[in-house]
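Here's the letter readout for the chains.
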Number of protein chains: 2
Amino acid sequence: MKKHNFSAGPCILPQEVMKKASEAVLDFNGLGLSLIEISHRSKDFVAVMEQAQSLVLELLGLENKGYKALFLQGGASLQFLSVAYNLLNRKAAYLNTGTWASKAIKEAKLFGELVEVASSKDANFNYIPKGYSIPADADYFHITTNNTIFGTQIKEVPDTDVTLVSDMSSDIFSRQLDFSKFGLIYAGAQKNMGPAGTTLVVVKEDILGKVERTIPSMLDYRIHIDKESMFNTPPVFAVYVSMLTLQWLKDLGGIQAIEKKNEEKAKTMYAEIDRNPLFKGFAAPEDRSYMNATFNLVNESHKELFDKLAKEADINGINGHRSVGGYRASMYNALPLESVQVLVDIMKELERKA
Amino acid sequence: MKKHNFSAGPCILPQEVMKKASEAVLDFNGLGLSLIEISHRSKDFVAVMEQAQSLVLELLGLENKGYKALFLQGGASLQFLSVAYNLLNRKAAYLNTGTWASKAIKEAKLFGELVEVASSKDANFNYIPKGYSIPADADYFHITTNNTIFGTQIKEVPDTDVTLVSDMSSDIFSRQLDFSKFGLIYAGAQKNMGPAGTTLVVVKEDILGKVERTIPSMLDYRIHIDKESMFNTPPVFAVYVSMLTLQWLKDLGGIQAIEKKNEEKAKTMYAEIDRNPLFKGFAAPEDRSYMNATFNLVNESHKELFDKLAKEADINGINGHRSVGGYRASMYNALPLESVQVLVDIMKELERKA
Ligand SMILES: Cc1ncc(COP(=O)(O)O)c(C=O)c1O
Ligand SMILES: Cc1ncc(COP(=O)(O)O)c(C=O)c1O
Ligand SMILES: [Mg+2]
Ligand SMILES: [Mg+2]
Ligand SMILES: [Mg+2]
Ligand SMILES: [Mg+2]
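In this text, all values refer to a predicted model and were calculated from it rather than measured experimentally.

Draft legend 1. Representation of the site of ligand 2. With respect to spatial proximity, 15 residues lie near ligand 2, and among them A:Thr233, B:Ser77, B:Thr148, B:Asp167 and B:Lys191 are the closest. The separation between an oxygen atom of ligand 2 and a polar side-chain atom of B:Gln190 is 2.9 Å. When ligand 2 is considered free in solution it has 400 Å² of accessible area, and contact with the protein chains removes 96% of it. Counting residues per element, the shell around ligand 2 draws most heavily on helix α3 (residues 75-87) of chain B, which supplies four residues. Residue composition of the shell around ligand 2, by class: three nonpolar, 10 polar and two charged.

Shown next as structure tokens:
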């Protein structure tokens, strides 16, 4: 039996993707060779890389708008650094909505003046600050659209003339947004896009080349654009599985189609958190993430029984992050509604039995 | 039928490793979950990471000698940068033996004075310079033990009091060396260790912490040591497959055992290159790589026939790099002697038919 996998990332991917990935490790494209033993410059792998890049732009509605999609290594965490190296000339503005935003801020501080326009640290990041102002002379304004640990999500793209940069690691490809409002979007693959080991960067070319410093080759977006993500050996397996997952999403009807499913899952989940007197939500209701629902037991003494029910129901990965405690149900693209229903059922069962 | 895979990297890995990797993508450790959908902080994956790190130190004979093994992202190319960020305070010395060494030098120049102690660029890097002197006040001396593109290999570890740093991407785990002579060793996984997507760094802890600059978190070896290669999400699949390959090598008898096999393969190959009047070796005989044999046709008009024979024999990946032309037979750890014999056979066949 497959588990109901609510892991926060790495996380559930479509079953058919796993199956194809497993087969490709034995024999890729009928070549008589494994996917992982062929040259990254072979025509079979170059086709994978091109397909992955073009699916990204297609799904985000960014074709022919001056954007490039890159598949890099180093995780979203290396992008905290690369963003600043490539874009921060004098001053950058950041919105501090959690652990990841704070880490992004820390790295950028090495490169220039850092304006934290607002922070929800005062309330353990359980809400998204609003009504802040962005310095008009900032080189860019950095946001984290979905805060994986705290379970908050920015619902409206901020309206500004400053170049928008976003860490979308945990909600990319999950909902419709006007992605052309962003100068740069990055995301570790290991939530909605693929396995751990590659990082997507989508960048509008005309925002690059404006800083005065010399950028080390491996951090320089223009070099990676010029080499089409093949400046050095790419993470072949992670790019391939990402391509398969993007293809799965396209076949399903794209972001528009998955957004409906994600809404239904999130509404089902939050309805039970609110209804059930034994649970309370962590995030401010208007800022609740559709990807990661964070919630706590009203009475900690129910923990043992609830964990037992979860185990019996084959539920995996609902322990909350230590910064929040309690539970976190991550409901990424590949998680079926059925899994959410199973979780809701054991919440009801706890209510009956406790 | 499996191909005879001479690819320069990504390259052949043991068949049993491919099989286990393929199975783990469907179900890992009988968990009812794929390897690529579980948390990297789960006990099953933490055990993989620990095992991989400890196998590295065991195989290199570096246990209890002050070294740490790290599995990072970014390829050997990102290490060109990280090495300099962490170790170059004022001056560094580099031996220029090829494309990769040149790239390492380029990145390091951003951080201090760069002394190129010697270069074989004058002869298209077909030999290893000798008799150079290393400035005693250099922070470190950087070498590339095996030059994948040109097919040369450093046979003796240089004797010096300066901290030795080596890019061993294409010959790590292939031959016995006194690895304790090195302060830092790095290698992209995709030759003798695993698939593309992770990079091994083995570092002696006491060489760190001596530079004055602030090191960005993702490039700081001390942070990765402190977090045991889990500062951010590691490339789960690549680390797992590397662990399997290291385990395969240990079961086979370790580096001592594989070195014998590698010697036999290389001797078989070079004997035919020398014997056969239709071929000539590219590298200076005393500097020939046991991993990558580079050779050319004496008469280019034989190319079409030779390529046809190679294709018919199910030989993959012997085209030379464009900087050298001709052919390159990469004979990494997992390549069986039988494959070398098949290649030698078609070289003899060419001689008969041409
Ligand atoms: C929103 C967000 N940003 C950044 C990261 C860090 O990503 P990585 O581990 O790929 O560096 C994460 C990881 O979960 C995340 O959720
Ligand atoms: C000796 C050597 N160093 C460095 C590299 C670059 O490695 P990566 O592509 O992992 O950055 C290679 C790639 O083949 C290599 O052979
Ligand atoms: Mg967060
Ligand atoms: Mg409630
Ligand atoms: Mg080389
Ligand atoms: Mg000859």
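Here the narrative resumes, following the displayed structure.
Draft legend 2. Spatial organisation of the sheet that holds strand β5 (residues 141-144) of chain B. All names here are of chain B. Pairing within the open sheet is mixed, and its seven strands lie in the order β2-β10-β9-β8-β5-β3-β4. At either end of the open sheet lies a strand with only one pairing partner, and these are β2 (67-72) and β4 (113-119). Recorded for the sheet is a direction-independent mean angle of 15° between the axes of neighbouring strands. Inspection of the sheet shows strand β8 (residues 164-167) paired to strand β9 (residues 184-188) by three bridges, in the parallel sense. Paired with Ser 166 across the bridge in β9 is Ile 185. Along the sheet face, helix α4 (residues 99-108) touches β3 (91-96), β4, β5, β8 and β9 and points at about 160° away from the line of β3.

Draft legend 3. Looking closely at the coordination of the magnesium ion (ligand 6). All names here are of chain B. Protein-derived ligands of the magnesium ion (ligand 6) are Ile 273 (O), Asn 276 (O) and Phe 279 (O), with the metal-ligand distances lying across 2.2 to 2.4 Å. Each donor residue of the magnesium ion (ligand 6) belongs to the same chain, and together they define the spacing I-x2-N-x2-F. Ile 273 gets classed as buried once you look at its relative accessible area, which sits at 1%.

Draft legend 4. Local environment of the pairing of β3(B). Residue and element names in this part refer to chain B. Counted residue by residue, β3 has six buried out of six residues, so it is predominantly covered. Note that β3 and β4 share six bridges and pair parallel. Within β4, the residue paired with Ala 93 across the bridge is Val 115. Once you follow β3 into α4 and on to β4, the crossover reads as right-handed. Judged from the two bridges that link them, β3 and β5 form a sheet pairing that is parallel.

Draft legend 5. Broad picture of the interface of chain B and chain A. Every contact between the two is made by 55 residues of chain B and, on the other side, 55 residues of chain A. Taken together, the two surfaces of chain B and chain A that pack against each other cover about 4300 Å², and 60% of this comes from carbon and sulfur. Inspection of the region where chain B meets chain A yields two salt bridges. Of the charged contacts, one joins B:Lys2 and A:Glu37 as a salt bridge, the two residues approaching to 2.8 Å between their closest N and O atoms. Between the two partners, chain B and chain A, sit 20 residue pairs in polar contact (both at pLDDT 80 or more). Secondary structure elements with two or more residues in the side of chain B that touches chain A: α1 (15-26), α3, α4 and α6 (236-252) of chain B. Of the residues forming the side of chain B that touches chain A, the biggest block, six residues, is contributed by α1(B). Looking at side-chain class alone, the side of chain B that touches chain A contains 28 nonpolar, 20 polar and seven charged residues.

Draft legend 6. Region of the structure containing empty space enclosed by the protein. A full pass over the atoms with the stated rule returns seven cavities of 30 Å³ or more. By volume, the largest cavity is sized at about 130 Å³. As for the largest cavity, its lining consists of 17 residues, and the residues nearest its centre are A:Leu72, A:Gln73, A:Met218, A:His224 and A:Asn232. Put simply, the parts of the chain that give the lining of the largest cavity at least two residues each are β2 (67-72), α3 (75-87) and α5 (221-226) of chain A. As a volume, the second largest cavity reaches approximately 110 Å³. Counting only elements with at least two residues in the lining of the second largest cavity, the list comes to β2 and α3 of chain B.

Analysis parameters
- Residues numbered from 1 in each chain as written.
- Chains lettered and ligands numbered in written order.
- Predicted model: local features only at pLDDT ≥ 70, side-chain atom pairs only at ≥ 80, totals over all residues.
- Heavy atoms only, no water.
- Near = heavy atom within 4 Å.
- Polar contact = N/O pair within 3.5 Å; in protein donor to acceptor, adjacent residues only side chain to side chain.
- Areas by Shrake-Rupley, 256 points an atom, 1.4 Å probe, with all protein chains shown as cover.
- Helix = DSSP H or I, 4+ residues; strand = E, 2+ residues; numbered from the N terminus.
- Nonpolar A, V, L, I, M, F, W, Y, C, P; charged D, E, K, R; others polar.
- Pairing = 2+ DSSP bridges.
- Axes fitted to C-alpha atoms, helices over the stretch in contact; angles between N-to-C directions.
- Contact = heavy atoms within 4.5 Å.
- Donors = N, O, S within 2.8 Å, 3.2 Å for Na, K, Ca; no water.
- Buried < 20%, exposed > 50% of the residue type's maximum accessible area, 1.4 Å probe, protein only.
- Right-handed = clockwise from strand over helix to strand, strands pointing away.
- Buried area = accessible area lost by both parts, 1.4 Å probe.
- Salt bridge = Lys/Arg side-chain N within 4 Å of Asp/Glu carboxyl O.
- 1 Å grid on protein atoms, 1.4 Å probe; cavity = no way out; pocket = protein on both sides within 12 Å on 5 of 7 lines; lining within 4 Å.
- Points joined across faces, edges and corners; volume = space filled by probe spheres on them.

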